[in-house]
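Remarks on the overall topology
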Amino acid sequence: MITVIISIDPSTKFLFDIVDRLKSNSIDFELIEIHPNTDSYKSCLDNISKLPENTTILFLGHGQDDQIYGGELLDDFPKQPLVKRNEMGIFKNQNLFLLACDSASLIKSSFRIAKTKKAIGFGPLPTEIEEVESDKKLANEGITLETIELFKQAINETVILSLLEYLKDESKDFIFLKDYLNLHLNKRINKAILEEENRNLADLLFNMKNDMVIY
């Protein structure tokens, strides 16, 4: 069973490409949208708690090293924590894919609490210019808004290709998803360097691949 959880806010709108591509490729999955209101947050948690064991859960949204977030509506409803580190046990006995900033650190620090079967997470995924400007290293590299948009497209592209390969072969263990991601990220890095001559994009993709973990 596959469940996709996506936080609804302006900055994660691009991730709906992943949802749309899964649909267009006839992948059967349950979709849970976390809208920017308290009732939607609660409903999402209720739905997660009722999922059968061995569900593959794909979370698409924002995160930090101690939590993942739900939906946001600018000033009307600032994003709230959906699941904090000490609440990660809600994913017990599930396969968890967290496409969210600093989710690798969250998975590492909550592993004993969560008791997931397997979990994949990532390091920083700068998809807004403010995130680049607040990171001295990235700011000094001269990463532009255009590069960020290309990075967002590359995230979708590599994640979609990897998910389709994993989900279309039911005999594959969840750990193969990380192998597919490594493969497609390497291909996209090579393209950024050799064909597009875009070193900044290649560096962002390399960091994505290098920071990715599976526990």
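The coordinates are above.
A quick note: this is a predicted structure, and the numbers were derived from the prediction, not measured.

1. Side note on the packing of helix α6 (residues 145–167) against helix α7 (residues 175–194)
In the contact formed by α6 and α7, the axes pass within 9 Å of each other and the chain directions differ by 140°. Viewed along their axes, α6 and α7 adopt a mutual orientation that is oblique. Read as a crossing pair, α6 and α7 show a hand that is right-handed. Packed against α6, whose contacting residues are A154, E157, T158, V159, L161, S162, L163, E165 and Y166, the element α7 presents L177, Y180, L181, H184, L185 and R188 at the interface. Its residues assigned to classes, the contact of α6 with α7 shows nine nonpolar, three polar and three charged.

2. Re the sheet that holds strand β6 (residues 81–84)
Here we have three strands laid out as an open sheet, ordered β4-β5-β6, and antiparallel in their pairing. Taken across any chain shown, the strands that pair with only one partner, and hence form the sheet edges, are β4 (63–64) and β6. The pairing of strand β5 (residues 67–69) with β6 spans three bridges and is classified as antiparallel. Counted as the bridge partner of Y69 is P81 from β6.

3. With respect to the side chain of T55
By the element assignment, T55 lies in the loop between α2 (38–49) and β3 (56–60). Given a relative accessible area of 0%, T55 falls into the buried group. Setting aside residues up to four positions removed in sequence, T55 forms contacts with M1, T3, Q94 and N95.

4. A word on unusual backbone geometry
A positive phi angle, close to 70°, is found at N54, a residue other than glycine. Its place among the elements puts N54 in the loop between α2 and β3. Unlike most non-glycine residues, D102 shows phi in positive territory, near 60°. On the secondary structure map, D102 appears in the loop between β7 (95–99) and α3 (103–114). The class of D102 is partly exposed, set by a relative accessible area of 27%.

5. Digging into empty space enclosed by the protein
Any empty space left between atoms is shown by rolling a water-sized probe over those atoms. Under the counting rule described, the total for this entry stands at two cavities of 30 Å³ or more. The space that makes up the largest cavity amounts to roughly 110 Å³. Lining the largest cavity are 13 residues; nearest its centre among them are F14, L15, G61, L99 and T127. Across the lining of the largest cavity, the residue classes tally to seven nonpolar, five polar and one charged. Size it by volume and the second largest cavity reaches roughly 40 Å³. Lining the second largest cavity are M88, L96, I107, S110, F111, A114, T116 and A119. Here the residues of the lining of the second largest cavity sort into six nonpolar, two polar and no charged.

Reading the values: rules and limits
Residues numbered from 1 in each chain as written. Predicted model: local features only at pLDDT ≥ 70, side-chain atom pairs only at ≥ 80, totals over all residues. Heavy atoms only, no water. Axes fitted to C-alpha atoms, helices over the stretch in contact; angles between N-to-C directions. Helix = DSSP H or I, 4+ residues; strand = E, 2+ residues; numbered from the N terminus. Parallel < 35°, antiparallel > 145°, perpendicular 65-115°, else oblique. Left-handed = near helix turned anticlockwise from the far one by under 90°. Contact = heavy atoms within 4.5 Å. Nonpolar A, V, L, I, M, F, W, Y, C, P; charged D, E, K, R; others polar. Pairing = 2+ DSSP bridges. Buried < 20%, exposed > 50% of the residue type's maximum accessible area, 1.4 Å probe, protein only. 1 Å grid on protein atoms, 1.4 Å probe; cavity = no way out; pocket = protein on both sides within 12 Å on 5 of 7 lines; lining within 4 Å. Points joined across faces, edges and corners; volume = space filled by probe spheres on them.

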